[in-house]
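What the coordinates show
Single-letter residue listing:
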Amino acid sequence: RSDNGSNQDFRTLKYSNAGGVLWSKFYNGPANQNDRPVKIAIDPSNNVYIAGEVDVDNSSLIDYDFALLKYNSSGTIQWARIEGSNAESDSPSDLAIDPVGDVIVTGKADFNTNLLITNNDFMTVKYNTAGTLQWKKFHSGTLSGGSDIASSIIIDGAANCYVAGGSENTTTQKNNTNLVQLDNNLVNTLGFVTDITSCLLYTSPSPRDRTRSRMPY
């Protein structure tokens, strides 16, 4: 990120193998507030994707949403997309690109409008290569109003994505480690939580074939 004197913006630089700057790009969100990049990924065509958070509240209050930018290999911005929970601050933590070039971003969404209280859930969004939102999905732990935060994501060869993070449980109010699987079409949601470590499978190979299983850890 870069401080422009009044707020912070995304800044992305590309260097040659010799260390020379090929291009340098800035992004200022629509509210002209603080905007912070978090993760970067590059697809096989050398398009560059930047995920971060942008403050969409044009006031002294802070209300971050997910932002995803796409640059081509020459540094020309292709599109910028902003998505949130329509409540309080939402912050991404990771992004990944699937085998067909779709981009998935995951992180946390705060559903409590009280600035002094957090009610975080996993939030995962998927865009196609043109920047069209394909789906948005949330996951909450067993503790109502608890803090559930996704931290990382990977994608397998079938375009299923696996989201890992922590969730608060109802028994001890400690964080479980959750692994959430979202299939390519995201038709259904299934899952379970154990007290220490768990695997949440979100998978639906077909509308009549739902599976749920524990992954090794």
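Residues numbered from 1 in each chain as written. Predicted model: local features only at pLDDT ≥ 70, side-chain atom pairs only at ≥ 80, totals over all residues. Heavy atoms only, no water.

1. Quick look at the overall build of the protein
Scanning the protein from terminus to terminus reveals 0 helices and 15 strands. A fraction of 42% describes how many contacts in the protein between residues 6 or more apart in sequence connect residues 24 or more apart. Accessible surface, the protein as shown: approximately 10,700 Å² in total, 47% of it carbon and sulfur. (Helix = DSSP H or I, 4+ residues; strand = E, 2+ residues; numbered from the N terminus. Contact = heavy atoms within 4.5 Å. Areas by Shrake-Rupley, 256 points an atom, 1.4 Å probe, with all protein chains shown as cover.)

2. Structural notes on the sheet that holds strand β7 (residues 77-83)
Pairing is antiparallel across the open sheet formed by 4 strands, whose spatial order is β4-β5-β6-β7. Bordering the open sheet on either side are β4 (35-42) and β7, each of which pairs with just one other strand. This sheet shows a mean twist of 20° between the axes of neighbouring strands, independent of strand direction. Where β4 lies against strand β5 (residues 48-55), 7 bridges are found, and the strand directions are antiparallel. Bridge pairing in β5 links isoleucine 42 to valine 48. (Pairing = 2+ DSSP bridges. Axes fitted to C-alpha atoms, helices over the stretch in contact; angles between N-to-C directions.)

3. Description of the nonpolar core
Counting residues in each nonpolar core, the largest one holds 13 residues, and the members touching the most others are Tyr49, Leu68, Leu95, Val105 and Val125. Secondary-structure elements contributing two or more residues to this core are β5, β6 (64-71), β9 (103-110) and β10 (120-127). (Core = buried A, V, L, I, M, F, W, Y, C linked by side-chain atoms within 4.5 Å. Buried < 20%, exposed > 50% of the residue type's maximum accessible area, 1.4 Å probe, protein only.)

4. Some thoughts on the sheet that holds strand β8 (residues 90-97)
Strand order in this open sheet of 4 strands is β8-β9-β10-β11, and the pairing throughout is antiparallel. The two strands at the open ends of the sheet, each matched to only one other strand, are β8 and β11 (133-139). Neighbour-to-neighbour, the strand axes of the sheet open up by a mean angle of 20°, direction not taken into account.

5. Overview of the pattern of salt bridges
Under the defined criterion, the tally for this structure stands at 4 salt bridges. Across the pair aspartate 98 and lysine 126 runs a salt bridge, and its minimum N-O distance is 3.8 Å. In this pair, aspartate 98 sits in the loop between β8 and β9 while lysine 126 sits in strand β10, placing the two residues 28 residues apart along the sequence. We classify aspartate 98 as buried; its relative accessible area is 5%. Note that lysine 126 and aspartate 102 form a salt bridge whose closest N and O atoms lie 3.7 Å from each other. Of the two residues, lysine 126 sits in strand β10 while aspartate 102 sits in the loop between β8 and β9, which places them 24 residues apart along the sequence. Here lysine 126 matches aspartate 102 in class, with each residue buried. One network of salt bridges, in which partners are shared, links Asp98, Asp102 and Lys126. (Salt bridge = Lys/Arg side-chain N within 4 Å of Asp/Glu carboxyl O.)

6. Describing the packing of aromatic side chains
One pass over the full model with this rule turns up 4 aromatic pairs. A ring pair is formed by tyrosine 49 and tryptophan 79, whose centres lie 6.1 Å apart and whose planes are at 55°; its orientation type is tilted. Here tyrosine 49, found in strand β5, pairs with tryptophan 79, found in strand β7; they are 30 residues apart in sequence, far enough to count as distant. The buried category is assigned to tryptophan 79, whose relative accessible area is 7%. (Phe/Tyr/Trp six-rings, centres within 6.5 Å; stacked < 30°, edge-to-face > 60°.)

7. A closer look at a nonpolar patch on the surface
A contiguous nonpolar patch, built from Leu13, Tyr15 and Val21 and spanning about 280 Å² of accessible area, is present on the exposed surface. Tracing the backbone shows valine 21 in strand β3 (residues 21-27). (Patch = residues over 30% accessible without salt bridge, like charges linked within 9 Å, V, L, I, M, F, W, Y side chains within 5 Å.)

8. Points about unusual backbone geometry
Look at asparagine 32: it is not a glycine, yet its phi comes out positive at around 55°. Take asparagine 32: it is sitting in the loop between β3 and β4.

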